[in-house]
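In case you want the letters, here they are:
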Amino acid sequence: MGFSHGSERKVEILTAKRTKKIISPFEQWREIIKNLGMNKGPRDPKKLVTVPTFPKKAITREEISYEKESKTYRPRISPSNRFLEAINDIERAVAKAKASGFRYRKGSFNKLKGLLARAIRGKSYKYAREVLGRIMYLLSTKSSALRRRKRSTSGNKTTPAMRGSNFLQDLRKQIGALTFDSFMAVQGDVSLMFAIDDTGSMREEIQAAKNIAIDIINYPRNASVKSYILSPFNDPYPVKSAVIKKNESNAGEFVKAINALTAYGGGDCPEYTFTGMLEALYHQPEWGSPMYVFTDAGPKDASEENIEELRYLAGSDAFGVTINFLTTGFCHTHIHSAFKDLAELTSGQTISFKKDGELEKLSNLTASVLGGTSTVSSGSSVRHKKKRSLKDTTPSRYNFPVDESIEKLTVTVSTTRRETNVPSLLGDWQGITLTDPDDIEISAEKLSLSQISIYQIDHPKRGGWTLAVSGDHEFQVKSSSETNVDFEVYFIIPIRGRRRQTTEVPISNPVIGKLNKMLITVAGSEKLNTSSLHLELITPEGARISDVTLQTTDKVHFTASFTPLTSQPFKLRLSGITRGGNTFERISRQKIKPSSTLLRVKHASNDYTLPLGRVTFVHFEICNFGATEYFDVTVVKDRMGLIITQRISPKHVIQGHCAIISVRARATRPQDVDKTDNVFLIAKGRSSKVLASQGVRLFIVP
């Protein structure tokens, strides 16, 4: 599937800007008199009337103005990071179609074509890419009736690649160039998500979030923020979702929505944080978008089901979201463990602020990562604790390479100590330093807050950089450019069916004790010496676990095989040499956790649609590679209430075997046509307590 440069388009965008206005003493006096008039009411005659004092000097006040601006997006010279992720989405959908035993039937190809166009026009892009994956699989199947029919009616021989390319060209003509570009994320479209705690103690944080949003809207970018999603949460959580979603032309309305938030309620500290986050994700953000969670409390709703659903929706198989928690610590001195786990899983961050005004200083950081980032290095002091004595005050040192593909380098270091950059008089704290390949300490591009330091360096020098940090800490080094050097990964394991046929099944996390095949797609591979590539398994803290051998046929797609023996989480580190002769390193986006249980969608009737008034059967398959046991299965989420299966019986699954779970759904409301219902299942082993989860998208049609 080749690179599309996209089409030029112009958009009128309602923007918000902060302006400084000087208020004269007379204008202030008029406001005072006006406010006194608004507060008229019964007056106690025993109380003296206080006469306000006339202001003595002018003051400066910040105000927000809204105006429309014309923005032109030009065709791209190189693929956007989101486009490469969309390709990976489709390639994985092809693998799923193959694993499901999908075959050509009379009329099915034209039905899928119509379904694809309908889903794209309805902006159900994730579902549409799954449909496109099934179409591409049909076009690539040598034994399909479709190919035999075409060969019998035409003397022209075409390859699967040519058929796929021709189909995409026809699709682009059918739905229009701009719609096609949006579907394929050609321009690098992204969503901005804010989940904001609006309980009584969050007044200053809401103001800071508004200012951050204004700065992001006005940040110069070559690609658009396609949608803005605001999800306020309170205690108790309102019965009806309070989520507000605005498209790119109404960016200013997003600011107005934040400005309209009123801090109220609350009481006890824990809030419905995860409910607010899930509600934001239900509104279909663009793949790979960042979510920022603003709160000063821990979650009240940190249930096993909520956490597992967030893991799934934020994962690469769903929306690939990077979750960042921005906490002020009003209610808790320590960040909740579930916050840390979700941030680590998605290569996000948990940032704690101890001083007023610190949160707003992050506006440049949040704006600069919208185009997509690659992780160059990450780690924490955890990996060093066993090697150090308690009296050892020597800073931890980390070396990482910067290559020529990196246009912007962002280094963030968070610590458990306040005043991170003030050396201690006792000598037990020496601060945070970053030095470039010439051993020059970076200071001009450094932002120092109470418990975090941030470096943002444009066009960094190529070569080896060194970060030195004292005390307990975590750090991330991320790069960004028009087209990042990065990689995506998923796994395949063979599963034997009833007729002793073996099916290769794509999965997000490998299976313990089985030979797993890794499929790795390298973005920006044309910038690399692919024969030099080296892959390692590392701990989430950055310590090496083992090496794996890579193989390739086209220098873009790579495979490797390995057998995990435990459930120890890990990440992948890809390293090598660029075409320019520089060392490079990249770390996988998400944390990977091997499991002994697999839950997948095997098949759905009606081509994964819900025709009005008709029943659709969805067959899930649960495979157990651990000890024989019972699994309790529950439908955790059915957003539109279309599941008609009342209860799923516990499944007794023998070691090394699989069992089918059948769920029925039916749509009846005409107003739901062209919407997507997301159904989410969780299976939990009664003895092992192992969790497995899986979601499925069902598109509603007439």
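Reading the values: the criteria
- Residues numbered from 1 in each chain as written.
- Predicted model: local features only at pLDDT ≥ 70, side-chain atom pairs only at ≥ 80, totals over all residues.
- Heavy atoms only, no water.
- Helix = DSSP H or I, 4+ residues; strand = E, 2+ residues; numbered from the N terminus.
- Buried < 20%, exposed > 50% of the residue type's maximum accessible area, 1.4 Å probe, protein only.
- Contact = heavy atoms within 4.5 Å.
- Areas by Shrake-Rupley, 256 points an atom, 1.4 Å probe, with all protein chains shown as cover.
- Pairing = 2+ DSSP bridges.
- Axes fitted to C-alpha atoms, helices over the stretch in contact; angles between N-to-C directions.
- Core = buried A, V, L, I, M, F, W, Y, C linked by side-chain atoms within 4.5 Å.
- Domains from an automatic or database assignment.
- Disulfide = S-S within 2.5 Å.
- Salt bridge = Lys/Arg side-chain N within 4 Å of Asp/Glu carboxyl O.

Participant: Provide a residue-level description of the overall build of the protein, including the pertinent values.
Facilitator: Within the protein, the regular secondary structure consists of 15 helices and 33 strands. By residue count, 53% of the 702 residues in the protein fall in the buried class. Counting contacts in the protein only where the partners sit at least 6 residues apart, residues at least 24 apart contribute 78% of the total. Working note: accessible area of the protein is about 32500 Å², and carbon and sulfur atoms make up 50% of it.

Participant: Could you give an account of the sheet that holds strand 27 (residues 609-611), naming the residues involved and the relevant values?
Facilitator: With respect to topology, five strands assemble into an open sheet ordered 27-33-32-29-30, the strand pairing being mixed. At either end of the open sheet lies a strand with only one pairing partner, and these are strand 27 and strand 30 (651-653). Strand-to-strand twist in this sheet, taken as the mean axis angle between neighbours without regard to direction, amounts to 35 degrees. For strand 29 (residues 629-638) and strand 30, the ladder comprises three bridges, and the chain directions are antiparallel. If you follow Phe 631 over to strand 30, its bridge partner there is Lys 651.

Participant: I'd like to hear about the nonpolar core, residue by residue, with values.
Facilitator: Among the nonpolar cores identified, the biggest contains 60 residues, and Leu 116, Phe 620, Ile 661 and Leu 681 are the most heavily contacted of them. Per-domain counts for this core show at least three residues from each of domain 1 (81-142 + 161-184) and domain 5 (597-700). Sequence-distant contacts of Phe 620, defined by excluding residues within four places in its chain, comprise Leu 599, Arg 600, Val 601, Lys 602, Ala 659, Ile 660, Ile 661, Val 663, Leu 681, Gln 694 and Val 696.

Participant: Describe the state of the cysteines, with residues and values.
Facilitator: The full count for this structure, using the stated rule, is one disulfide. Each disulfide pairs two cysteine sulfurs, and for Cys 623 the partner residue is Cys 658, the sulfurs being separated by 2.1 Å. Between Cys 623 and Cys 658, the disulfide has an S-S torsion of 105 degrees and is therefore right-handed. Pair noted here: Cys 623 is in strand 28 (residues 615-624) and Cys 658 is in strand 31 (residues 657-666), with a separation of 35 residues, a long-range link. By relative accessible area, Cys 623 is classed as buried at 0%. Residue class for Cys 658 comes out partly exposed when judged on its relative accessible area of 31%.

Participant: Kindly report on the environment of Val 411, identifying the contributing residues and their values.
Facilitator: With respect to the helices, strands and loops of the structure, Val 411 is situated in strand 11 (residues 408-415). Taking the C-alpha atoms as reference, Val 411 lies 7.3 Å from Phe 475; in sequence the two are 64 residues apart. Setting aside anything within four residues of it in sequence, one finds Val 411 in contact with Phe 400, Leu 434, Ser 453, Ile 454, Tyr 455, Leu 467, Gln 476 and Val 477.

Participant: Could you give an account of the sheet that holds strand 26 (residues 597-604), naming the residues involved and the relevant values?
Facilitator: Spatial strand order, 26-28-31: three strands in an open sheet with antiparallel pairing. Edge strands, defined here as strands with exactly one partner in the open sheet, are strand 26 and strand 31. Sheet twist, expressed as the average angle between the axes of neighbouring strands with direction ignored, equals 25 degrees. Sheet topology note: the strand 26/strand 28 ladder contains seven bridges and is antiparallel. Looking at strand 28, one finds that Leu 599 is bridged to Ile 622.

Participant: Quick rundown of the pattern of salt bridges? Include the residues and the values.
Facilitator: Counted under the stated rule, the structure contains 34 salt bridges. In this structure, Lys 17 engages Glu 69 in a salt bridge whose closest nitrogen and oxygen atoms are separated by 3.2 Å. Here Lys 17, found in strand 1 (residues 9-23), pairs with Glu 69, found in strand 2 (residues 59-73); they are 52 residues apart in sequence, far enough to count as distant. Its relative accessible area of 29% is what places Glu 69 among the partly exposed residues. With a shortest N-O distance of 3.8 Å, Glu 621 and Lys 602 are connected by a salt bridge. With Glu 621 in strand 28 and Lys 602 in strand 26, this residue pair connects regions lying 19 residues apart in the sequence. For Lys 602, a relative accessible area of 31% corresponds to the partly exposed category. A cluster of three or more residues bridged by salt bridges with shared partners is formed by Arg 82, Glu 85, Glu 488 and Arg 589.

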